[in-house]
Amino acid sequence: MPLLEVENLSLHFGGVAALNEVSFHIEEGEIFSLIGPNGAGKTSMLNCISGLYHPSQGSIKFDGREITHMKSYKRTELGIARAFQNIELFKNMTVLENLMLGRHVRMKSGVLSGGFYWGLAQKEEIEHRKAVEDIIDFLEIEHYRDQPVGMLSYGLQKRVEVGRALALDPKILLLDEPMAGMNSEEKEDMARFVIEIHEERKTTVVLIEHDMGVVMDLSDHIAVLDFGKLIGFGTPSEIQQNPKVIEAYLGEEQTG
Amino acid sequence: MRNPFVMECGEFRASYKEDMALYKIPRVRYRVYAIIAFFAVFPLIFPEYYVGLATLCGIAAIGAIGLNILTGFTGLISIGVGAFLGVGGYTSAILTTKLGLSFWISFPLAGIVTAAVGALFGIPSLRLKGLYLAMATLAAQVIILFVISHWDSLTGGTAGMVLQRPSIGGYMLSSETGYYYLMFVILIFTAIFAMNLFRSRTGRAFVAVRDRDLAAEVMGINLFKYKVLAFAVSSFFVGIAGALLGHYTMIVSPELYSIQVSIEYLAMILVGGLGSVMGSIYGAVFITLLPVVLRGLIETLSVFMPGLEGVFAGLREVVFGAIIILFLIYEPEGLAKMWRNLKDYFKLWPFSY
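Scoring rules and cut-offs
Residues numbered from 1 in each chain as written. Chains lettered and ligands numbered in written order. Predicted model: local features only at pLDDT ≥ 70, side-chain atom pairs only at ≥ 80, totals over all residues. Heavy atoms only, no water. Contact = heavy atoms within 4.5 Å. Buried area = accessible area lost by both parts, 1.4 Å probe. Salt bridge = Lys/Arg side-chain N within 4 Å of Asp/Glu carboxyl O. Polar contact = N/O pair within 3.5 Å; in protein donor to acceptor, adjacent residues only side chain to side chain. Helix = DSSP H or I, 4+ residues; strand = E, 2+ residues; numbered from the N terminus. Nonpolar A, V, L, I, M, F, W, Y, C, P; charged D, E, K, R; others polar. Core = buried A, V, L, I, M, F, W, Y, C linked by side-chain atoms within 4.5 Å. Buried < 20%, exposed > 50% of the residue type's maximum accessible area, 1.4 Å probe, protein only. Patch = residues over 30% accessible without salt bridge, like charges linked within 9 Å, V, L, I, M, F, W, Y side chains within 5 Å. Areas by Shrake-Rupley, 256 points an atom, 1.4 Å probe, with all protein chains shown as cover. Pairing = 2+ DSSP bridges. Axes fitted to C-alpha atoms, helices over the stretch in contact; angles between N-to-C directions. Phe/Tyr/Trp six-rings, centres within 6.5 Å; stacked < 30°, edge-to-face > 60°. Lys NZ or Arg CZ within 6 Å of the ring centre and 35° of its normal. Parallel < 35°, antiparallel > 145°, perpendicular 65-115°, else oblique. Left-handed = near helix turned anticlockwise from the far one by under 90°.

**Student:** Describe the interface of chain B and chain A, with residues and values.
**Tutor:** Facing the 32 residues of chain B at the interface are 39 residues of chain A. For the pair chain B and chain A, the two sides together bury roughly 3400 Å², of which 64% comes from carbon and sulfur. Between the two partners, chain B and chain A, sit 3 salt bridges. Between Glu88(A) and Arg212(B) there is a salt bridge, with its nearest N and O atoms 2.9 Å apart. Between the two partners, chain B and chain A, sit 14 residue pairs in polar contact (both at pLDDT 80 or more). With 8 residues, helix α9 (residues 201-211) of chain B is the largest single contributor of residues to the side of chain B that touches chain A. In terms of residue class, the side of chain B that touches chain A is built from 18 nonpolar, 5 polar and 9 charged.

Right, here's the structure in full:
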């Protein structure tokens, strides 16, 4: 059974169809890429999956459960985590606090135990701090843990953004252009992190990316969107041979 | 033993518990203890007049911490604080005089009732932001004051109600010193509670809602729940400040809770520092003492310039407004930030490289 199933999904803004009867599925444990020209509806697709947009038609199933009309924060509890394209970190909070916030749904303490910092709250903070420190080690951001994220460079902020989503211990991790605007060294680091997240943590990863080298190397399956329509779905080699995809996005030279 | 006069070259913490303490550095911890000790013996050293002023400052600080939880930490502006103070004061007044309950029961109840009222008026905050939310809380201010001044049978209408100072174990807290200690214990409790809140899960969620509510929701925070919760927690502390103030001045009446009071509290957290617990206390002291200091100044000057006393009433408002504007321009993060800058400066002094 696929982990995430998108069926016949349409999304309209007024008369404009951002997504038009899109269907695909994502298997558990794979790296899945969503590609297409700018404005094709890739981010809209992720927004439907994470609950920021509500589709006008169709359904989304996660782990066998219907989530099409579920509230955004409830989907997070199920294990859908998201890193945004335009960094959406909590700028006045430190790296550590941002990551601790990522564990919000895994924690329980409320106002009273938090305010008294007694028993549960304190135990919980320490316990989850350990999990967060693992991620800080993994992403190699030890030196920045007590800095407010607003002060960090763009590349590091992107890394913290991924870390915050990862702190959730998600079943599926949605990464919206994690490598956009990075130099080649930072891109390589990020690609390495994606592979390690996939292999060591066994997390299913959904990737939106414009760097075809990265996409073709990493992905198990790829879906191609163009003007809100699905024009290709398959393994990287199938996609590279697909005439519709070549025409709309990849271009002629790649087939040579 | 460590030399207390020498700056350490590094602080090493070996456990997460140590690293997550409120005051991590021993030297800083001793300073905090010293400050608390000073204020614990304050009424034994200073004359009654100053003890009374300190009590008023402390009560304002409790309310300011409450407001800061909402406006500074959660980013939800409220100009209904005056009315919420009134809800606290009147709840305690009604419970003690009409139902004959003890202060020790009516006091926490005043907080809880205010929290409930605050949560109710916080419901629109899910849809409203910024200026629009300010208007909604302004409506709360107007509605609550209207109810208070027109429900004659319960609140005594515009005439207000008279309250008693509480007693504990037969010892009346009617003296300035006794009431000071009551305020002192509650202020310390409030400050520690707020600081703890913001190093644990719920407080972090509040700050996340302020910084980026869209991302907060995707990270699993139920915006509605946390916004209403912020109103409730904030109003609880504003409510107990209101009850404390009511029993201190021994009177509650509608004009004590006007919009002027709301603006003063907003000024406290602006001057003190948005999103800072200690800042709320600095701001409350600053704004409470401002008119007192100003009056003292004018009385001194009027020896040389007769007739200056007449301008005092107007001058107070002018200075008040000017100070808020100056803070907004030169130090929007308030006194708390100025204090931090000063400490940072002396960390490296005299070798500032």
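That was the structure; now back to the text.
**Student:** Break down unusual backbone geometry for me, with residues and values.
**Tutor:** Residue and element names in this part refer to chain A. With a phi close to 55 degrees, Asn8 is a non-glycine residue in the positive phi region. By the element assignment, Asn8 lies in strand β1 (residues 4-13). Even without being glycine, Phe227 reaches a positive phi, approximately 50 degrees. On the secondary structure map, Phe227 appears in the loop between β9 (221-226) and β10 (229-234).

**Student:** So what's going on with the side chain of Asp211(B)? Which residues, and what values?
**Tutor:** Assignment of secondary structure puts Asp211(B) in helix α9. Among the polar contacts listed, one links the side chain of Asp211(B) to the backbone nitrogen of Asn92(A), at a separation of 3.0 Å. Beyond its immediate chain neighbours, meaning those up to four positions away, Asp211(B) contacts Phe90(A), Lys91(A), Asn92(A) and Met93(A).

**Student:** Could you give me a rundown of the nonpolar core, with the residues and numbers involved?
**Tutor:** Leu175(A), Ile144(B), Ile221(B), Leu244(B) and Tyr265(B) are the most contacted members of the largest nonpolar core, which has 135 residues in total. Other than its neighbours up to four places away in sequence, Ile221(B) contacts Tyr73(A), Leu101(A), His104(A), Ala205(B), Ala208(B), Val209(B), Ala216(B) and Tyr226(B). Within the second largest apolar cluster, 29 residues are counted, among which are Ala40(A), Ile80(A), Ile172(A) and Val206(A).

**Student:** Kindly report on a nonpolar patch on the surface, identifying the contributing residues and their values.
**Tutor:** All names here are of chain B. A cluster of nonpolar residues, Ile35, Phe38, Phe39, Val41, Leu44, Ile45, Phe46, Tyr49 and Tyr50, forms a patch on the protein surface that exposes about 880 Å² of accessible area. Every element with two or more residues in the nonpolar patch is listed here: α2 (26-45) and α3 (48-73). Ranked by the residues each element gives to the nonpolar patch, the list is headed by α2, at 6 residues. Within the fold, Tyr50 resides in helix α3. Residue classification places Tyr50 among the partly exposed positions, given a relative accessible area of 42%.

**Student:** Any chance you could break down the sheet that holds strand β8 (residues 204-208) of chain A for me, citing the residues and the numbers?
**Tutor:** Residues and elements named next belong to chain A. Within the open sheet, the 6 strands sit side by side as β6-β7-β8-β3-β9-β10. Their pairing is mixed. If you trace the sheet from one side to the other, it starts and ends with β6 (80-83) and β10, each paired once. When the angles between neighbouring strand axes are averaged without regard to direction, this sheet yields 15 degrees. Across 5 bridges, strand β7 (residues 172-176) lies against β8 in parallel orientation. Across the sheet, residue Ile172 finds its bridge partner in β8, namely Thr204.

**Student:** Residues and numbers for the packing of aromatic side chains, please.
**Tutor:** Counted according to the given criterion, the structure contains 29 aromatic pairs over all chains. Seen from their ring centres, Phe206(B) and Tyr226(B) are 6.1 Å apart, and the 75 degrees between their planes marks the pair as edge-to-face. Here Phe206(B) is found in helix α9, whereas its partner Tyr226(B) is found in helix α11 (residues 223-249), with 20 residues between them in sequence. Positioned above the aromatic ring of Phe90(A), the side-chain terminus of Arg164(A) is 4.8 Å from the ring centre. Lying across the ring of Tyr179(B), Arg165(B) places its NZ or CZ 5.3 Å from the centre.

**Student:** Which residues make up the packing of helix α5 (residues 103-122) of chain B against α11(B), and what values go with them?
**Tutor:** Any two packed helices are characterised by how steeply their axes cross, that is the angle between the axes, and by the distance between the axes. Residues and elements named next belong to chain B. As a packed pair, α5 and α11 sit with axes 7 Å apart at the nearest point and diverge in direction by 140 degrees. The angle between α5 and α11 falls in the class oblique. Viewed along their axes, α5 and α11 form a crossing whose handedness is right-handed. The segment α5 lies against α11, with Phe103, Ser106, Phe107, Pro108, Ala110, Gly111, Ile112, Thr114, Ala115, Gly118, Ala119 and Gly122 engaging Val228, Phe231, Ala232, Ser235, Phe236, Gly239, Ile240, Ala243, Leu244 and His247. When the residues that make up the contact of α5 with α11 are grouped by side-chain class, the tally is 14 nonpolar, 8 polar and no charged.

**Student:** Which residues make up the pattern of salt bridges, and what values go with them?
**Tutor:** All told, the structure shown has 18 salt bridges over all chains when counted by the stated rule. Between Asp169(A) and Arg201(A) there is a salt bridge; the shortest N-O distance is 4.0 Å. Taken together, the residues Asp169(A) in the loop between α6 (154-166) and β7 and Arg201(A) in the loop between α7 (184-200) and β8 connect sequence positions 32 residues apart. When its relative accessible area of 31% is taken as the criterion, Arg201(A) is described as partly exposed. If you follow the salt bridges from partner to partner, you end up with Arg129(A), Glu133(A), Arg145(A), Arg13(B) and Asp19(B) in one network.

**Student:** How would you explain helix α3 (residues 95-102) of chain A if you had to name every residue and give the values?
**Tutor:** Of all 8 residues that make up α3(A), 7 are buried, and the element is covered over most of its length. Buried residues along α3(A) sit in contact with α5 (120-138) and α6 of chain A together with α9 of chain B.

**Student:** Describe in detail the environment of Met45(A), supporting the description with residues and values.
**Tutor:** All names here are of chain A. Tracing the sequence through the fold places Met45 in helix α1 (residues 42-50). Look at Met45 and you get buried, because its relative accessible area is 0%. Spatially, the C-alpha atoms of Met45 and Ile208 are 10 Å apart, while their sequence positions differ by 163 residues. Among residues more than four places away in sequence, those in contact with Met45 are Val6, Leu9, Leu19, Val22, Phe24, Leu34 and Leu225.

**Student:** Mind laying out the pairing of β10(A), listing which residues take part and the relevant values?
**Tutor:** All names here are of chain A. Sheet topology note: the β9/β10 ladder contains 5 bridges and is antiparallel. By the bridge assignment for β10, Ala223 is matched with Phe233. Counted along the chain from β9 to the antiparallel partner β10, the turn is 2 residues long, and its residue Phe227 has a positive phi close to 50 degrees.

**Student:** Describe the sheet that holds strand β4 (residues 57-62) of chain A, with residues and values.
**Tutor:** Overall, antiparallel pairing links the 4 strands, which are arranged β2-β1-β4-β5 (chain A) in an open sheet. Where the open sheet ends on each side, the last strands, each with one partner, are β2 (16-26) and β5 (65-66) of chain A.

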